[in-house]
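Close look at the chain arrangement
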Amino acid sequence: MSGLNALLDALLVEREADREAVLATVVRVEGSAYRRPGARMLVSRFGRPEGTISGGCLEAEVAKKAWWLTETGPTLRSYSTAEADEASEEALSFGLGCNGKVHVLFERLPASGPCALVDALLSVCDTHQPAAIATVIASPAGVSPRLGERLFLVPGQRAAGELRHSVLAEQISSDLQQTLVRGKSSRCLYPNGSDEVDVLLEYIPPVLRLVIFGAGHDAQPLVRMAKLLGWHVTVIDGRAHFARVERFADADQVLVGDVEQPFAYREYVRGAAVVVMTHSLVQDAHWLQGLLHSEPCYVGQLGPRERTERLLAGIHEHLAKPQDELPGLDYLHYPIGLDLGGDTPESVAMAMLAEIQAVLNGRSGGSLRFRSASIHDSDPVVVGRDETDVVAEGCRHFAVQR
């Protein structure tokens, strides 16, 4: 989740100074919009805002009115980017011609004490595990639950939070568990007497981890650019004179690995994106063999196709049973990167990161001018439950693409 660490850092600064802050969160999008539900922006009283909820058209308005809007509690505000004469009366129109509407929840975060949202986000950053957060984004006036009440769930624990409606809390807790399983955000409309409660069930993924085997000069721009994306970056190399913290000041970890010892980084690479770029046949063979028997989500091997195929042939010869297949070939990409052109370290790094981003999002990496479907996929509304539904009985469920 890009920007999560920076937003939390800004929030912790406010908490250490015993100051409230206002959080603006995109909770619903209709039509075209730059950011999707879950995009957040923190507005402090004295510092600059942190985070974005649009492409730059809403931020000034949000920063200007955030404190005023939350004087009496959480508030939901709608912003229209349709043509000015097409904008609905209840939405503040920016007349940008994008034909979209963004619904933003404004709320004040306490200066201290427990806060379901803060606790959930901190858990994601500290444990590198996902979380699911349920936020009430519309509810009948004067009844429970109220706008902004929340539950959150992390793997292996019971749901916790501030949702005071016990019957709905139990139902929503079950749906939060399914949100963790699906790994996708959604909206649900829950019956509450004669009315409905609109709840955003948000999947918060952990920050993407990138592990780079190779600490040469061309790894430096890769580290810097990955950190701009908000990724957690580890650099590993068997050469101590390359694997130095001062050469990779932006990296979260810099480690010296021993190629004479068995592969010892399975926990580092499990679920991570990995790039192998040591420019050493001995090192590449050692790291690649270990990676193909681990569980990363992506492995990219730098170098010509023929070189990587020689590496794979050598690894296959050393298998205990020669007839066995290498288990990790389905997530191996070589030569690494999209075909963007350019041969500088920076352009190569950009091509690598572009391919990782595309693969992890299930995209081809092609030009958007040739994409006939919407950039942000949308799923149909699911009503009730059948054998394939994973939502609670009696609620209407809307998929939200992240």
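What you are looking at is a predicted structure, and each value in this text was computed from that prediction instead of being measured.

What counts as what
- Residues numbered from 1 in each chain as written.
- Predicted model: local features only at pLDDT ≥ 70, side-chain atom pairs only at ≥ 80, totals over all residues.
- Heavy atoms only, no water.
- Helix = DSSP H or I, 4+ residues; strand = E, 2+ residues; numbered from the N terminus.
- Buried < 20%, exposed > 50% of the residue type's maximum accessible area, 1.4 Å probe, protein only.
- Contact = heavy atoms within 4.5 Å.
- Areas by Shrake-Rupley, 256 points an atom, 1.4 Å probe, with all protein chains shown as cover.
- Polar contact = N/O pair within 3.5 Å; in protein donor to acceptor, adjacent residues only side chain to side chain.
- pLDDT = per-residue confidence, 0-100.
- Pairing = 2+ DSSP bridges.
- Axes fitted to C-alpha atoms, helices over the stretch in contact; angles between N-to-C directions.
- Phe/Tyr/Trp six-rings, centres within 6.5 Å; stacked < 30°, edge-to-face > 60°.
- Lys NZ or Arg CZ within 6 Å of the ring centre and 35° of its normal.

Side note on the overall build of the protein chain
A tally of helices and strands in the protein chain yields 9 helices and 19 strands. The burial tally for the protein chain puts 47% of its 402 residues in the buried class. In the protein chain, the share of contacts with a sequence separation of at least 24, taken over all contacts with a separation of at least 6, comes to 58%. Per element, the accessible surface of the protein chain, about 19,700 Å² overall, is 51% carbon and sulfur.

Here's the deal with the side chain of R307
Within the fold, R307 resides in helix α8 (residues 305-317). Accessibility expressed as a relative area gives 14% for R307, which makes it buried. At 2.9 Å, the side chain of R307 and the side chain of D284 are in polar contact. Apart from residues no more than four positions distant in its own chain, R307 is found in contact with H279, S280, L281, D284, Q301 and L302.

Considering the confidence of the model for the protein chain
Detailed reading of predicted coordinates is not advised where the pLDDT is low. Summarising the model, the protein chain shows a mean pLDDT of 87, and 87% of its residues fall at 70 or more. Here residues 379-393 scores under 50 on pLDDT; set against residues more than four positions off or in separate chains, the count is 25 contacts.

Structural notes on the environment of Y298
Relative to the helices and strands, Y298 is located in strand β16 (residues 298-301). With 30 residues separating them in the primary sequence, Y298 and G328 have C-alpha atoms 9.4 Å apart. Setting aside anything within four residues of it in sequence, one finds Y298 in contact with A272, A273, V274, Y331, H333, I336, G337, E355, I356, V359 and L360.

Quick notes on the sheet that holds strand β17 (residues 332-333)
Strand order in this open sheet of 6 strands is β14-β13-β12-β15-β16-β17, and the pairing throughout is parallel. The two strands at the open ends of the sheet, each matched to only one other strand, are β14 (253-256) and β17. Sheet analysis places strand β12 (residues 209-213) next to strand β13 (residues 232-237), joined by 5 bridges and oriented parallel. Looking across to β13, one finds that L210 is bridged to V233. Packed onto the sheet, helix α9 (residues 345-360) meets β12, β15 (273-276), β16 and β17 and runs at close to 150° relative to β16.

Structural notes on the packing of aromatic side chains
Using the criterion set out here, one finds 7 aromatic pairs in the structure. Measuring from centroid to centroid gives 5.9 Å for F263 and Y265, while their planes differ by 75°, and the two rings are edge-to-face. Ring centres of F263 and W287 lie 6.3 Å apart, and the angle between their planes is 70°; this geometry places the pair in the edge-to-face category. Within this pair, whereas F263 is found in the loop between β14 and α6 (266-269), its partner W287 is found in helix α7 (residues 281-292), the two being separated by 24 residues in sequence. For F263, a relative accessible area of 12% puts it in the buried group. You can call W287 buried: its relative accessible area is 0%. Grouped by ring-pair contacts, the aromatic residues F213, F263, Y265, Y268 and W287 constitute a single cluster. Geometry around W67 places R45 over its ring, the cationic atom sitting 3.7 Å from the centre.

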